Amino acid sequence: MSQLIVAATQLQPDLKAGLQSIGAGIAYGAAAIGPGIGIGLVVGNAIQAMARQPEMQGTIRTTMFLGIAFTEALALFGFVLFFLAKS
Amino acid sequence: MPVLGAFVFPPIDELFRWKDLWFNGSPLAINKTVLLVLISSLMIVTIFILGSRKRALRPGGVQNVVEMTYEFIDNGITKDVVGHDAGRFTPFLGTLFLFILFLNFWEVIPGIQFPPTSRMGIPGFLALLVYAVYLVTGFKNQGFKYLTGHLFPPGVPKALYILVTPIEFVQLFLVRPFSLAVRLLANMMAGHILLTALALLTAYALDTNPGILKVIAVGPFLLNIGVTGFEILVAFLQAYIFTLLTAVYLGDALHPDH
Amino acid sequence: MFATLLLAATEVSVKAKNPILPEGKEILWAAIAFVIVFSLLAWKAWPAIRAALKARQDKISEDLEKAEAARMEAETSLEDYKRQLAEARNDASRIIEEARLQAEGVRQERIAAVEGEIAELRARAAEDIRLATQRAMSDLQGRVAELSIELAEKVVERNLDRQTQTALIESYINQVGSN
């Protein structure tokens, strides 16, 4: 299979770029799934916490942003991977 | 006859790389990114030095903005996140926040519409600076315990150290600075690509030949306005998150069980 | 037309590099700019802002203290006034009570006097009535006697001894009056 792809890319230079693009797209798409679910959980639970204890809103919001930032990091690695895989 | 089918998105590289305006080819060459960085720096310095010169008891205008920013950083970030004894970090965190905020806002300024923070040089430098600052603070404050406390967290079964220690090492020395830089870069870059794509779509739709098809331009145009509003929020939020994470790392360096 | 304009605005690079890789000049300039901004703000702006905020905070807490003191003073004087007012009210009610008692005494006195007067008047009137009745009675007795004599004279057509006749009738009438 891999030998086939190598042979094909030698025959058709455009094919390499195309395969790279497909790979990059799949990589980013896959990388975005987990963080998407994670951020949803973080924000949902933060809203629940805020509704239960409105007086703690400031602290909860700060913590929520931190949680989002840490979760988001994975999606961002996917974003970088997209550009690395493409070129 | 250019119809919508003829739409070609330019290579991403073309949206972000600018040719040198002055000092061509030298290490200190100035292009659009650098120019925007310099203008922003000038604006920050002007606003904040003018705003803090006049010390009216009843603040108004610039002074009000300046003092609100200071309070926001000092109370909301330094004292809440780093710690109550960490007032000395407010200048660093404040400058960091303003620098990123002003650079981010170029993304939505009509006629410029390019965030310099979407070039790796700027977030990369800032992340490295933060990296250096929190490592130095940590080692200065806790000595070697800063490292061991991270690599061998207390309360974890000894056998798990095989798993935990490498992860913590990577987290402390690689993931932290890398994610800090990439988060800012990727958010601004994605925003810029999105806005450019919508603007190009509008332009292409307006360029179609059968006049009636030009109506299609309304869609991406309205979407562009909406996304611009969203990007204003993102510009602020990313500056805030960068500063907040810096504060968290600094707080971790100052107080081990934080 | 718009498309060509926009394409002209985006810069065409000489050689395609990865857009996420940093460029040396941008790092350098960012470092220079950040260091300059940080030093200028740390030198001129942040201490001044901190001082201004501190001054305002001091002023506000001082004002609050002053206000608190003024409030305490006002409260004590209010307490004073309230006490005085209560005293005055007590005095007033005491005076009113006294006046009322005095008035009551006067009234009782007056009533007693008037009642005495009335009783005296009534007694005098009763006495008058009694005297008048007595007089009228004796008049009537005399008259009745005379009439009876005349009547008897006319009836018997005989002039009796007047003295005896009168005595007879007197005794008769007395007998009737006492009945």
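Residues numbered from 1 in each chain as written. Chains lettered and ligands numbered in written order. Predicted model: local features only at pLDDT ≥ 70, side-chain atom pairs only at ≥ 80, totals over all residues. Heavy atoms only, no water.

1. Some remarks on the overall build of chain C
Using the following cut-off: Each helix corresponds to a stretch of at least 4 residues labelled H or I by DSSP, and each strand to a stretch of at least 2 residues labelled E; elements are numbered beginning at the N terminus. Only protein chains enter the calculation, and the probe is 1.4 Å; a residue is then buried if its accessible area is under 20% of its type maximum, exposed if over 50%, and partly exposed in between. What sets the accessible areas is the Shrake-Rupley method with a 1.4 Å probe; for residues, cover comes only from the shown protein chains.
Helix and strand counts for chain C come out as three helices and zero strands. Helices and strands in chain C line up, N terminus first, as α-α-α. Per-residue burial over chain C gives 16% buried out of 179 residues. Accessible area of chain C: about 13900 Å², with a carbon and sulfur share of 62%.

2. With respect to the overall build of chain A
The line we're drawing: Each radius of gyration is computed over the set of C-alpha atoms, and the globule rule expresses the reference value as 2.2 Å times the number of residues to the power 0.38. For this analysis, residues touch if any pair of their heavy atoms sits within 4.5 Å.
Counting its secondary structure elements, chain A contains three helices and zero strands. Along chain A, from the amino end to the carboxyl end, the secondary structure elements read α-α-α. Against the compact-globule benchmark of 12 Å for 87 residues, chain A has a radius of gyration of 20 Å, which places it well outside the compact range. On the principal axes, the C-alpha backbone points of chain A span a range of 65 × 20 × 15 Å. When each of the 87 residues of chain A is scored for burial, the buried share is 26%. A separation threshold of at least 6 residues defines the contact pool for chain A, and within that pool the share at least 24 residues apart is 64%. Summing over all exposed atoms, chain A offers an accessible surface of approximately 5500 Å²; the carbon and sulfur share of this is 69%.

3. A closer look at the pattern of salt bridges
Note the cut-off: In the sections that follow, a salt bridge refers to a side-chain nitrogen of Lys or Arg positioned within 4 Å of a carboxyl oxygen of Asp or Glu.
On inspection of all chains with the given rule, the structure shows 23 salt bridges over all chains. Between Lys25 of chain C and Asp20 of chain B there is a salt bridge; the shortest N-O distance is 2.8 Å. A residue pair is termed interchain when its members come from two chains, as with Lys25 of chain C in helix H2 (residues 24–156) and Asp20 of chain B in the loop between helix H1 (12–16) and helix H2 (32–53). The pair Lys25 of chain C / Asp20 of chain B is uniform in exposure class, with both members buried. Within this structure, Arg17, Asp20 and Arg119 of chain B together with Glu23, Lys25 and Glu26 of chain C form a network of salt bridges that share partners.

4. Comments concerning unusual backbone geometry
Residue and element names in this part refer to chain B. Despite not being glycine, Phe23 has its phi angle at roughly 50°, a positive value. Of note, Phe23 is situated in the loop between H1 and H2. For Gln113, which is not glycine, the phi dihedral falls at a positive 45°.

5. Some details on the interface of chain B and chain C
For clarity, the cut-off: Defined here as a combined quantity, buried area equals the accessible surface (1.4 Å probe) lost by two parts on assembly, summed across both. We define a polar contact as two N or O atoms separated by no more than 3.5 Å, with the added condition that, inside protein, one atom must be a possible hydrogen donor and the other a possible acceptor, whereas residues neighbouring each other in sequence contribute only through side-chain atom pairs. Here the nonpolar group is Ala, Val, Leu, Ile, Met, Phe, Trp, Tyr, Cys and Pro; Asp, Glu, Lys and Arg are the charged ones; every other residue, Gly included, is treated as polar.
Each partner contributes to the interface: chain B provides 56 residues, whereas chain C provides 44 residues. Summed over both sides, the interface of chain B with chain C buries roughly 4700 Å², with 72% coming from carbon and sulfur. Taken together, chain B and chain C are joined by 12 residue pairs in polar contact (both at pLDDT 80 or more). Sorting the residues of the side of chain B that touches chain C by element identifies H1, H2, helix H3 (62–82), helix H4 (90–105), helix H5 (121–142) and helix H7 (161–206) of chain B as the ones contributing at least two each. For the side of chain B that touches chain C, the element with the most residues is H2 of chain B, which contributes 10 residues. The residue inventory of the side of chain B that touches chain C, partitioned by class, reads 37 nonpolar, nine polar and 10 charged.

6. Section: the side chain of Ser40 of chain B
Turning to its location among the elements, Ser40 of chain B is positioned in helix H2. Those residues in contact with Ser40 of chain B that sit more than four places away from it in its chain are Phe102, Leu103 and Trp106 of chain B.

7. A word on the packing of aromatic side chains
The criterion, for reference: Two rings from Phe, Tyr or Trp (for Trp, the six-membered ring) form a pair when their centres sit within 6.5 Å of each other. Planes less than 30 degrees apart are called stacked, planes more than 60 degrees apart edge-to-face, and all others tilted.
Applying the stated criterion to the full structure yields 24 aromatic pairs over all chains. Measuring from ring centre to ring centre gives 6.4 Å for Phe92 of chain B and Phe34 of chain C, while their planes differ by 80°; the resulting arrangement is edge-to-face. Within this pair, whereas Phe92 of chain B is found in helix H4, its partner Phe34 of chain C is found in helix H2, the two belonging to separate chains. Assigned by exposure class, Phe92 of chain B and Phe34 of chain C land together as buried. Ring plane angle 50° and centroid distance 5.2 Å describe the contact between Tyr134 of chain B and Tyr249 of chain B, whose orientation is recorded as tilted. On the criterion of sequence distance, the pair formed by Tyr134 of chain B in helix H5 and Tyr249 of chain B in helix H8 (residues 218–254) is long-range, its members being 115 residues apart.

8. Description of the environment of Asp20 of chain B
The class for Asp20 of chain B is buried, based on a relative accessible area of 17%. A sequence separation of 23 residues divides Asp20 of chain B from Met43 of chain B, and the C-alpha atoms of the two residues are 22 Å apart. Excluding residues within four positions of it along the chain, Asp20 of chain B makes contact with Gly25, Ala29, Ile30 and Asn31 of chain B together with Lys25 of chain C. Within the structure, Asp20 of chain B has its side chain in polar contact with the side chain of Lys25 of chain C (distance 2.8 Å).

9. Description of H5 of chain B
As a reminder, the rule being used: One less than the residue count of a helix, multiplied by 1.5 Å, gives the span that helix is expected to have.
Its 22 residues place the ends of H5 of chain B 31 Å apart at the C-alpha level, agreeing with the 32 Å of an ideal helix rising 1.5 Å per residue. Following H5 of chain B by one or two positions, Gly143 of chain B has its phi on the positive side, about 65°.

10. Section: the confidence of the model for chain C
Note: predicted coordinates in regions of low pLDDT should not be interpreted at a detailed level. Residue and element names in this part refer to chain C. What counts here: One confidence number per residue, pLDDT, is output by the predictor and ranges from 0 to 100.
Looking at chain C as a whole, the pLDDT averages 84, with 87% of positions reaching at least 70. Averaged over each element, pLDDT in chain C is lowest for helix H1 (residues 2–9) (47) and highest for H2 (91). Between residues 4–15, whose pLDDT stays under 50, and residues either more than four places distant or in other chains, the model counts 16 contacts. Taken together, the chains of this predicted complex give a pTM of 0.74 and an interface ipTM of 0.89.

11. Description of the nonpolar core
Definition in use: We call a set of buried Ala, Val, Leu, Ile, Met, Phe, Trp, Tyr and Cys residues a nonpolar core when their side-chain atoms join them within 4.5 Å.
The biggest cluster of nonpolar side chains holds 89 residues, and the ones touching the most others in it are Phe48, Phe99, Leu126, Tyr134 and Met189 of chain B. Dropping the residues within four chain positions of it, Tyr134 of chain B is found in contact with Tyr146, Leu172, Arg176, Pro177, Tyr249, Leu250 and Ala253 of chain B.

12. A short note on the packing of H7 of chain B against H8 of chain B
Residue and element names in this part refer to chain B. Heads up, the rule is: Every axis in this analysis is a line fitted to C-alpha atoms, fitted for helices over the stretch in contact. Angles between the N-to-C directions lie between 0 and 180 degrees. Throughout this description, any angle smaller than 35 degrees is read as roughly parallel, any larger than 145 degrees as roughly antiparallel, any in the 65 to 115 degree range as roughly perpendicular, and the remainder as oblique.
Where H7 meets H8, the axes come as close as 10 Å, and the angle between the chain directions of the two elements is 175°. The pairing of H7 with H8 is recorded here as roughly antiparallel in orientation. Grouping the amino acids of the contact of H7 with H8 by side-chain chemistry returns 18 nonpolar, seven polar and four charged.

13. Structural notes on the confidence of the model for chain A
Looking at chain A as a whole, the pLDDT averages 86, with 97% of positions reaching at least 70. Within chain A, no element has a lower average pLDDT than helix H1 (residues 2–11) of chain A, which sits at 74, and none a higher one than helix H2 (residues 13–52) of chain A, at 90.

14. Description of the packing of H4 of chain B against H5 of chain B
All names here are of chain B. Where H4 contacts H5, the axes come no closer than 12 Å and their chain directions differ by 170°. Viewed along their axes, H4 and H5 adopt a mutual orientation that is roughly antiparallel. Residues Phe92, Leu96, Phe99, Ile100 and Leu103 of H4 form the contact with H5, whose own contacting residues are Ile122, Leu126, Leu129, Val130 and Val133. Per-class residue counts for the contact of H4 with H5 are 10 nonpolar, no polar and no charged.

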